[in-house]
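The primary structure of each chain is shown beneath.
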Amino acid sequence: MNADNPIISIQKVHKSFGTFKALDDVSLNVDAGQKVVVIGPSGSGKSTLLRTINRLETISSGSIVVDGRDINDSASDINRIRAELGMVFQSFNLFRHKSVLDNLTLAPIKLKKTPRAQAEQHAMELLEKVGLVDKAESYPVQLSGGQQQRVAIARALAMNPKIMLFDEPTSALDPEMIGEVLEVMVTLAREGMTMVVVTHEMGFAREVADSVVFMDEGKIVEVAPPDRFFDNPEHKRTQRFLEQIL
Amino acid sequence: MRDKHVVIDVGDGAAIPDPEDKGLFTAWRISFFGTLGIIAYLLIFRPDPYLDIIKFLPDGIVVTFQVTFASIGLALVLGLIAGLGRISKNTFFNLVASTYIEVIRGIPLLVQLFYIYFALGHLVRVPDMVAAIVAMGFCYGAYMGEVFRAGILSIDDGQTEASLSLGFNRSQTMRYVILPQAWRIILPPVGNEFIALLKDTSLVSIIAVSDILRRGREFASESFLYFETYTMIALIYLVITLILSKILSNVEHRLSHYERR
Amino acid sequence: MFKRIVLTLAMLFCVGSSAMAEKTIIFAVDATWPPMEFVNSDKQVVGYSIDYMTAAAKAAGFTAVFKNVAWDGIFAGLAAGKYDAVCSSVSITEKRQKVMDFSTPYFKVRQALIVAKDSHVKSLADLKGQKVGGQIGTTGYFAIKAAEGVEPKSYDEVGLAMEDLNVGRIAAVVCDDPVAANYAMDQYKDTLKIATVIETGEVEYYGVAVKKGNKEVLDLLNKGIESVSKTGYVQEMQHKWISQ
């Protein structure tokens, strides 16, 4: 896949809730292997944008093409597309009635018809990667927030997605647990995963991002590489936002 | 973590004993062994008339159980369909389910029993037991529908989103993710409805189904031993509901394993 | 104010004096047994028994009040003193006489077997293995239970048994002959018929039941029933309610 053919192509997307414009003429391309970090004040539409990529939010107009398929076209199988888009949520959303191992194997076994033994082996490899092999038999309620989020990342990876979407993955965590989750995400980035991350972790953005997107009031205000974005932002609104949080 | 804390309390069945209660004198034990004790006392020291009464009842007990289990089976199926219908985005399905629940809940069970029994009689020739089961099942299906709906809605939306994001479609999400969790929340009120239904089967005696109550009434109408007969009937209902509430309590305990830290 | 007190006292006196002069007897009636006792279209409890007891009350000098009570439990209410007498087509049986007292008989009754119009059944013996219905705690139901091989089915009201017979859930109904006649010749005249009158060996009579030992009420009732039975009014009522 070359740069002319982005893996995610968002064109002129509008989304309103009643009279409120959550997304206002948003266009953004993400290339394969790229790490895009989206930041902005709360209510700026950054989470909404992320959730339109796998159609957890429907859009009012515009188009979103993922890996060559228009996700809002009734001809494309949204469930197949979603299987290629791993998603990590702010509130983890682990299946509470399943053990950690079963959380990881449920989708591969039911959707990809992966044999159980193979699915479990893959799951254990992923748990190793997030450092939670010893928690395989635990239930989500028995884990700390940080551990739950690491399991959630592993669960998303279990479907071998081409792209990972992160929706404020550390916002619900106690400060001492943020590090362990970011560490996993950094590793993932180093391995070349295409990532779109909505976050407030500026350190992570600076370290990992190829491109930082700043959103405000449903619009994309500025897109820039992290160095330029943080040290020399173009727009006034970006400057003001950075002054407030840094 | 945005957990929804939901307590569904219907409260017309019976008190479900707390499985964690390890005390020697629990309300359940006092009621259960007390009841058994009274029955034993009456049978041993006053065999006339209590032995005759209890000998008259067994086929009625069987009928009560048959009606209860068949009705609850029907009610669970109808309840699940009605509950899913009530939360469905399909307007037609939703409307049918909502109307069913509205109509059934607005008619007293006794009236429904009479109505279905005699109305069915004019349409198709069904045995009285079947008419009783259909009537009980349809009525309780409406109540179950509301329980199912509340149970399903009590599961955090995040669970649905996580499931959808993995590639499950809506019905797979319902089947693999939502219902297994909702079931745990639904079980106590369903158990409650189950016991309430068992008690309400005494109403079928009105449409001449020979359950425990009708057998007892037949005995009393011939012997004029009203007090003694109804004493025995009350004790037998109590033993049955106490046993059932204990069983439900144990099942509930087993299903809740993943909630324990 | 003074006027009001006088009025109240006068009223009390009137009530008191009439009570002194005339005893009130409350009769429990299960008004689901046409033509003997039932509720007519004006929601009044009427029927042969009602007319009979009203006449008896007049003759013996007591006030008759009728209270509609469900059959099942009607004797339990009598024992508990909820009313003075049960006048509800109660057949005098040995078993009942052990727990309650009966007035002089006022009506002779037999048990009738009702079947579908197209049925060839001639007697209870033809109904082996089939369901036969009767009202709970009635002599009709006891006759079904006594018949060998027949599956008895008890109903709260005889009308429900008739309806079940009408739609074919049961094969026959047994009840008192005036009631049977009323259903088979009136309400269900197109679908049901009386197959036979059952010979139970003994003649069955209706009496008014009172609580065991309630001699005061029993004497009044007997006095009334005896004087009515000697008049031509009985024939008049027979004609009015039964052989119309």
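Residues numbered from 1 in each chain as written. Chains lettered and ligands numbered in written order. Predicted model: local features only at pLDDT ≥ 70, side-chain atom pairs only at ≥ 80, totals over all residues. Heavy atoms only, no water.

1. Focus on helix α6 (residues 128-153) of chain B
Definition in use: Strands are runs of DSSP state E lasting at least two residues, helices are runs of H or I lasting at least four, and both sets are numbered from the N terminus onward. By this rule the span expected of a helix is its residue count minus one, scaled by 1.5 Å. Here the bend at a residue means the angle between the axes of two seven-residue stretches, the one that ends at it and the one that starts at it.
Over its 26 residues, α6 of chain B runs 37 Å from end to end, which matches the ideal 38 Å to within 8%, given 1.5 Å per residue. Helix geometry: α6 of chain B is bent most strongly at Gly 141 of chain B, by close to 25°.

2. Quick notes on the sheet that holds strand β2 (residues 32-33) of chain C
Residues and elements named next belong to chain C. Just so we agree on the cut-off: Pairing between strands is defined by DSSP: at least two bridges between them are needed.
Taken in spatial order, the three strands line up as β2-β3-β4 in an open sheet, and their pairing is antiparallel. Taken across any chain shown, the strands that pair with only one partner, and hence form the sheet edges, are β2 and β4 (45-46). In this structure, β2 lies alongside strand β3 (residues 37-39), joined through two bridges in antiparallel fashion. When the sheet's bridge partners are listed, Thr 32 is paired in β3 with Phe 38.

3. With respect to the layout of surface pockets
A probe as big as a water molecule, rolled over the atoms, marks out the empty space that is left. Where we set the bar: Here a cavity means grid points, on a 1 Å grid over the protein atoms only, where a 1.4 Å probe fits yet cannot get out; a pocket means an open set of points with protein on both sides within 12 Å along at least five of seven lines; lining residues are those with an atom within 4 Å of a point. Grid points are joined across faces, edges and corners, and a volume is the space filled by probe spheres set on the points. Residue type decides the class: Asp, Glu, Lys and Arg count as charged, Ala, Val, Leu, Ile, Met, Phe, Trp, Tyr, Cys and Pro as nonpolar, and the leftover types, Gly among them, as polar.
If you add up the space inside the largest pocket, you get close to 920 Å³. Lys 89, Thr 160, Leu 164, Arg 170 and Thr 173 of chain B are, among the 24 residues lining the largest pocket, the residues nearest its centre. Where the lining of the largest pocket is concerned, the elements lending two or more residues are α2 (78-83) of chain A together with α3 (58-87), α6, α7 (157-166) and α8 (170-200) of chain B. If one sorts the elements of the lining of the largest pocket by residue count, α8 of chain B sits on top with five residues. For the lining of the largest pocket, a count of residues per class yields 11 nonpolar, seven polar and six charged.

4. A few points about the domain arrangement of chain C
Residues and elements named next belong to chain C. We count it as follows: Those domain boundaries reflect an automatic or database domain assignment. Any two residues whose heavy atoms approach within 4.5 Å at even a single point are treated as in contact. What counts as buried area is the accessible surface, traced by a 1.4 Å probe, that two parts surrender upon association, with contributions from both included. A side-chain nitrogen of Lys or Arg and a carboxyl oxygen of Asp or Glu constitute a salt bridge if their distance falls within 4 Å. Here a polar contact means two N or O atoms within 3.5 Å. Within protein one must be a hydrogen donor candidate and the other an acceptor candidate, and residues neighboring in sequence count only if both atoms are side-chain atoms.
Per the domain assignment, the segments of chain C are domain 1 (2-108 + 205-242) and domain 2 (111-198). Computed from C-alpha atoms alone, the centre-to-centre distance between domain 1 and domain 2 is 28 Å. With 14 residues of domain 1 in contact, the opposing surface of domain 2 contributes 14 residues. Interface area, domain 1 with domain 2, both sides summed: about 1200 Å², of which 60% is carbon and sulfur. Broken down residue by residue, the surface that domain 1 buries against domain 2 is led by Trp 33, Pro 34 and Trp 71, which jointly contribute 45%. The tally of links between domain 1 and domain 2 comes to zero salt bridges. Where domain 1 meets domain 2, there are five residue pairs in polar contact (both at pLDDT 80 or more). In the side of domain 1 that touches domain 2, the residues fall into seven nonpolar, four polar and three charged.

5. Focus on the state of the cysteines
Residues and elements named next belong to chain C. Here is the rule we go by: Only a pair of cysteine sulfur atoms within 2.5 Å qualifies as a disulfide here. To sort residues, take the accessible area from a 1.4 Å probe on protein chains only and compare it with the maximum for the residue type: under 20% means buried, over 50% means exposed, and anything in between is partly exposed.
All told, the structure shown has zero disulfides over all chains when counted by the stated rule. Residue Cys 87 stays outside any disulfide, its sulfur separated by 18 Å from that of Cys 175, the closest cysteine. When its relative accessible area of 0% is taken as the criterion, Cys 87 is described as buried.

6. Regarding empty space enclosed by the protein
Residues and elements named next belong to chain C. Counted according to the given criterion, the structure contains four cavities of 30 Å³ or more. The volume enclosed by the largest cavity comes to roughly 80 Å³. Considering the residues around the largest cavity, the lining is formed by Asp 30, Trp 33, Trp 71, Ser 88, Ser 89, Ser 91, Arg 96, Gln 135, Thr 138, Thr 139 and Asp 176. For the lining of the largest cavity, the element with the most residues is strand β6 (residues 85-91), which contributes three residues. Considering only residue class, the lining of the largest cavity consists of two nonpolar, six polar and three charged. The residues that make up the lining of the largest cavity include at least three from each of domain 1 (2-108 + 205-242) and domain 2 (111-198).

7. Some remarks on the packing of α3 of chain B against helix α4 (residues 91-105) of chain B
Residues and elements named next belong to chain B. We count it as follows: Lines are fitted to the C-alpha atoms to define the axes, a helix being fitted only along its stretch in contact, and any angle between axes, read from their N-to-C directions, falls within 0 to 180 degrees. Relative orientations are named as follows: roughly parallel for angles under 35 degrees, roughly antiparallel for angles over 145 degrees, roughly perpendicular for angles from 65 to 115 degrees, and oblique for any other angle. The sense of a crossing depends on the near helix, which, turned anticlockwise from the far helix by less than a right angle, makes the crossing left-handed and, turned clockwise, makes it right-handed.
The N-to-C vectors of α3 and α4 enclose an angle of 125°; their axes lie 7 Å apart at closest approach. Classified by the angle their axes make, α3 and α4 are oblique. Considering how the two elements wind past one another, α3 and α4 form a crossing that is left-handed. Judged by residue contacts, Leu 78, Ile 81, Ala 82, Leu 84, Gly 85 and Arg 86 of α3 engage Phe 93, Asn 94, Ala 97, Ser 98, Tyr 100 and Ile 101 from α4.

8. Details of the interface of chain A and chain B
Taken together, the contact pairs 28 residues of chain A with 24 residues of chain B. Of the roughly 2500 Å² buried between chain A and chain B on both sides combined, carbon and sulfur atoms contribute 59%. Three residues stand out in chain A for area buried against chain B, namely Arg 96, His 97 and Val 141 of chain A, and they jointly supply 28% of the buried area on that side. In this assembly, chain A and chain B are joined by one salt bridge. In this structure, the salt-bridge partner of Glu 161 of chain B is Arg 51 of chain A, at a minimum N-O distance of 2.6 Å. At the boundary of chain A and chain B, one finds five residue pairs in polar contact (both at pLDDT 80 or more). At the level of elements, α2, β6 (85-88), α3 (100-111) and α5 (145-157) of chain A are the ones that each hand at least two residues to the side of chain A that touches chain B. By residue number, the principal contributor to the side of chain A that touches chain B is α3 of chain A, which donates four residues.

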